[in-house]
Amino acid sequence: MSRRRADSHGSLGPDDEVVPYSDDETDDELEPSIDEQPEGLPSVSQLSDLNWQVKANDRSFCKQPQFQKKFFLCFKRCKYAGNAIRTYKYNVITFLPLNLYEQFKRAANLYFLALLILQIIPEITTLPWYTTLVPLVLVLGITAIKDLVDDLVSVTCLLLCNFEIYFTLFQECRWMQIQVGDVVRLKKNDFIPADILLLSSSNPNSLCYVETAELDGETNLKFKMGLKVTHERLQEESQLQSFDGNHCEEPNNRLDKFTGNMLWGRERFPLDLDNMLLRGCKVRNTDECHGLVIYAGSDTKIMRNGGKTRFKRTKIDYLMNYMVYTIFVLLILVCAGLAIGHTYWYQDVGSRAWYLYDGLNQTASYRGFLSFWGYIIVLNTMVPISLYVSVEVIRLGQSKFINWDLQMYYSEKDTPAKARTTTLNEQLGQIEYIFSDKTGTLTQNIMAFKKCSIAGRVYVDFSSNIFAEKKFQFYDHHLISCIQSKKDKDVLEFFKLLSLCHTVMVEQREDDLVYQAASPDEGALVTAARNFGFVFLSRTQDTITISEMGTETTYEMLALLDFNSDRKRMSIILRFPDGKIRLYCKGADTVIYERLSPNIKLLSIDHVLVFANETLRTLCLCYKDISRADFDAWSRKYKEASIAMRNREEALDEVYEQIEKDLLLIGATAIEDKLQDGVPETIAKLAKADIKIWVLTGDKKETAENIGFSCQLLTDDMQIYYGEDVKRRLRLRRLGKKPSPTSPQDSQPMNDHEKELRQQDFVDMACECGAVICCRVTPKQKANVVNLVKKYKKAITLSIGDGANDVNMIKTADIGVGISGQEGMQAVMSSDYAFAQFRYLQRLLLVHGRWSYIRMCKFLRYFFYKNFSFTLVHFWYSFFSGYSSQVAYEDWFITLYNVCYSSLPVLLVGLLDQDVNDKLSLMFPKLYLPGQQGTLFNYKNFFISLFHGIFTSLIIFFIPYGAFLQTMGQDGEAPSDYQSFAVVTASSLIITVNLQISLDTSYWTFVNCFAVLGSMAIYFGIMFDIHSAGIHVIFPSAFKFTGVASNALRQPYLWLTIILTVGISLLPVILSLSISIKWIVICQLQRNRRKFERQAEEPPKEKPTFQRGARSRRSAYAFSHSRGYADLISTGRSIRQKPRARRDAPESIKEAPQAENI
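Quick caveat, the model's predicted, so the values are computed rather than measured.

Scoring rules and cut-offs
- Residues numbered from 1 in each chain as written.
- Predicted model: local features only at pLDDT ≥ 70, side-chain atom pairs only at ≥ 80, totals over all residues.
- Heavy atoms only, no water.
- Helix = DSSP H or I, 4+ residues; strand = E, 2+ residues; numbered from the N terminus.
- Buried < 20%, exposed > 50% of the residue type's maximum accessible area, 1.4 Å probe, protein only.
- Contact = heavy atoms within 4.5 Å.
- Areas by Shrake-Rupley, 256 points an atom, 1.4 Å probe, with all protein chains shown as cover.
- Salt bridge = Lys/Arg side-chain N within 4 Å of Asp/Glu carboxyl O.
- Phe/Tyr/Trp six-rings, centres within 6.5 Å; stacked < 30°, edge-to-face > 60°.
- Lys NZ or Arg CZ within 6 Å of the ring centre and 35° of its normal.
- UniProt positions renumbered as here; feature names shortened; annotations may be inferred.
- Polar contact = N/O pair within 3.5 Å; in protein donor to acceptor, adjacent residues only side chain to side chain.

Student: Can you tell me about the overall build of the protein chain, naming the residues and giving the values?
Tutor: Check the secondary structure of the protein chain and you find 37 helices and 34 strands. Expressed as a percentage of its 1158 residues, the buried residues of the protein chain come to 55%. By sequence separation, contacts in the protein chain at least 24 residues apart represent 75% of the contacts at least 6 residues apart. If you sum the accessible surface of the protein chain, you get close to 52,900 Å²; carbon and sulfur atoms cover 57% of it.

Here it is as structure tokens:
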């Protein structure tokens, strides 16, 4: 059952879906027991459906049998969770088994464990057990240490938190000992340990200030309050002991909603979110408060809201896994072929040669079966065990480079770029679609009052205003004279509305008034009013006080009708000192125009169009006088809706509709939200990189379109298709694919298949466009658009935003980027990468993303190549060893090849390599195209690496093999023994693969040079040590190549063999590089010459500031996506003390910055 919202007539919005805070839990999951409601308000009898019961001061109540639930077979436990925190994975007992279990979920680790078991079987093993055990233990050990360090950080923090001291009503207890039903005493700066119902506080009227930065990232203070009845009757601890319980909804993840019912004696009191202190918040500016624990531990909203973390994987990850599976298949086929070869060989040769008799009377088929498993062990290095660990090391280093990039550091806010994940870096080099929010992402989200239209006249002038704040730049001589003369009633009513119709909270700090606004727009409007002499001073639950040109006036507030995304407006109903009742309303132009009186003249309509063409955010202001009888009748309906337990928001919206009609228009405001620095240039460069940018915004079409022109996403030579054009073209597409519709209902999809076809048509048509702007979309719709492109285009997507309304979109995209802006840190906390300005996106993608992709592709190609070159030597050797599973190298060389001899150079290439520097990467965005096309690493590259490895292994085996035939050394001895052959092939392999990575390296540093030479030096050093007589004496069974290295490598003939082998192995690569470089240089010179000649002939084009077409574009003001403080103001007291009489307004009145901590 999806929750329905009352229809907001005239909102002209899409049928937006009401979306839960977390995208992992839907409304169906939140309220499974609630059926569709009939029209009208829910009755009070429905309150009994709330089945989460809490009884204060009685811990035994929650342990009663009716509150037990099954959790495993017939075992039961209490449904009320304890308050202990446990987010760590391991403890002392579970660390080893649980970590090993998680690691062996990887197919490669499980495969090598199976190999180790096979090597224990004497009849099968062809290699010592340590050749597999040493690399496997290193891989598992490094991963386990990394997991343990990450978990220890969590354990330390949680231990400190669980043992923190708190005070319940009767005793001192620790955080982890708090239970549902406890009455807790909290003090200033305490973290709230559970979801608590606020009963009373030391502030007047039981007001409590909380900071929710840990919860939602917002840094401005929120206001909570106790009910009037608890404030009056629960101030003393003796009174708190007699307090009873309440009923409320089951635990859920909705941070923006709470429905409950307090039963005290025979009375029933409705509860909502404004009465709740949520876990994760912090008590501020409140000396002491008391509250009843409603939800604890895993039942709290912050824990429920955690949901399931989406594990994002890169396209290369999926491709790499498929390639590992391909290697598995090739390995099985090769081993099966060699096993068959051994079967036939034993029948024809082995069984007839007396000197090969081993005393085992086994059939040829059985020996072939054993040979199959023997070759599985011998050729196991075709599946690279260290691949995954090496990839993680490279990704970690690339993430650090992003964090350390000073060119992505925003000094004004001391905000560096932050890679919040280490698994997606190379995917930054493959982005095809970017989905961007508008406000706060492309724009600065710092609102400035620029123009206004009052009674058909526009007021605008930009000059210094010595009477206003330094930041306030609006000044109009005629407007000032109108206000000072008090002759123009419309002007006075205009600014009176701005000072009264809002949800801004005010706090007195010495001689200053500090405003806390729910959004920057709201703050800008109240600031404009106070700078023209209408100063908002204070408010209580029932009154609001302003200074009108030095005269202090208090109005009685009868109702506050708050903004939401469906209404797109807010209203306030006031009783003036003379008894007159008036409604003030402000909102988007479309919803206001449809609620105006039929006889009103829309004098400001043309001005709104002009404001919109200048990309300003507009808002219409209006009012209405209400008779006492009409208000009393409406007030009764309003009170019934405000205490409804089900669908309260929908019921209130219906009641609001009844009073917000026949309005009189006063004028309109225009607020400027400037573009961030570098946005047009960034979009232009990303477009040249063939990255398509879509803007998804909740603003009106006209506002978004004009911003599109400002940031050069839209240009004059583009043909723009609007909503109706899109629908018409989609209908034409459908008519071309199916018969004509036969019924009026055919415009709606008949089934899921029809719906999918329409979605695909929409995506196909949208992707043909150069730019797409989706207007008036909800957070859920933003995520749906991203998901459609991912689903039907199989494209790599990136979402970027700065607010809580962008979280769904950020989580849905392949990569989410958060901008730390004016709307809190929630987008950053949900993102994969974060920085302070949109312009840094071009460096993240075109530099870091491109480098990461190229490095990872080069690393993987080389990694597969060096393993094929190493392993397939065994394959060629099998043709000369009767397919007997004998190895071609020494056992310790096999063990250390991937660990010590060939790992460091390729790791450094994966970390440091550059084909061009960062400046050229930004200068030539077309260099980004190979990543989008996936040309640097795919199955074609994989098979090239395979065949390259086959060729190298052929050379490495057969040239030494030919050189050892009928060979005589300088001392008259023949160095053609197996051990000398193994040393020569191993030495040739090590030199070849290290020189090969040198040829593949584009950016040389001292570290690269040291790694290549050092790897070869390490090989020869270790080889001479393990071939020495001393170590053989200590471990005679493990080190059998005594003196082989010194004997073989003192022969010049064998050194010549090594040099010849290495030279022939690298010759094709050197020739290929020479030809390709020469061809690229010639082609590039010819292309650039023609390009420069054409540019010299073409005259430069002048670009207009913005498009001015025949079709006008109108903008609507976009409120904040979060609700204001209306419920707080109208349902409880919201000040510290009664307002004192003031003779004059304070000399210094300032607005608090949005991000200020109080």
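So that's the structure; there's more coming.
Student: Can you tell me about the pattern of salt bridges, naming the residues and giving the values?
Tutor: Between side chains of opposite charge, pairing is possible as soon as their charged atoms come close. Summed over the entire model, instances satisfying the criterion amount to 23 salt bridges. A salt bridge links R395 to E392; its shortest N-O distance comes to 3.5 Å. Here R395 and its partner E392 are both found in helix α11 (residues 387-403), three residues apart, which amounts to about one turn of the helix. According to the relative accessible area criterion, R395 is buried, its value standing at 2%. Two residues, R567 and E660, come together in a salt bridge whose shortest N-O distance is 2.8 Å. Taken as a pair, R567 in the loop between β24 (551-561) and β25 (569-575) and E660 in the loop between α18 (648-659) and β28 (664-675) lie far apart in primary sequence, 93 residues in all. Of the two residues examined, R567 and E660, each falls in the buried class. One continuous salt-bridge network, built from bridges that share partners, spans R567, R569, R595, E657 and E660.

Student: Give me the packing of aromatic side chains: which residues, what numbers.
Tutor: Counted according to the given criterion, the structure contains 57 aromatic pairs. Ring centres of F576 and Y584 lie 6.5 Å apart, and the angle between their planes is 45°; on these two criteria the pair is classed as tilted. Residue classification places F576 among the buried positions, given a relative accessible area of 9%. In this structure, K580 packs its charged tip against the face of F576, placed 4.9 Å from the ring centre. Positioned over the ring face of F863 is K866, at 4.4 Å from the centre of the ring.

Student: Residue-level account of the UniProt feature "binding site: Mg(2+)" (unreviewed entry) in the protein chain, with values.
Tutor: Feature annotation in UniProt assigns "binding site: Mg(2+)" (unreviewed entry) to the following positions: D437, T439, D802 and D806. The named residues occupy 370 residues along the chain; their greatest pairwise C-alpha distance, 10.7 Å, places them in one compact cluster. Within the secondary structure layout, D437 lies in the loop between β17 (433-436) and β18 (443-454). Given the relative accessible area of 4%, D437 is considered buried. Polar side-chain contacts of D437 include one of 3.3 Å to the side chain of K782. On the secondary structure map, T439 appears in the loop between β17 and β18. The exposure class assigned to T439 is buried, which follows from its relative accessible area of 11%.

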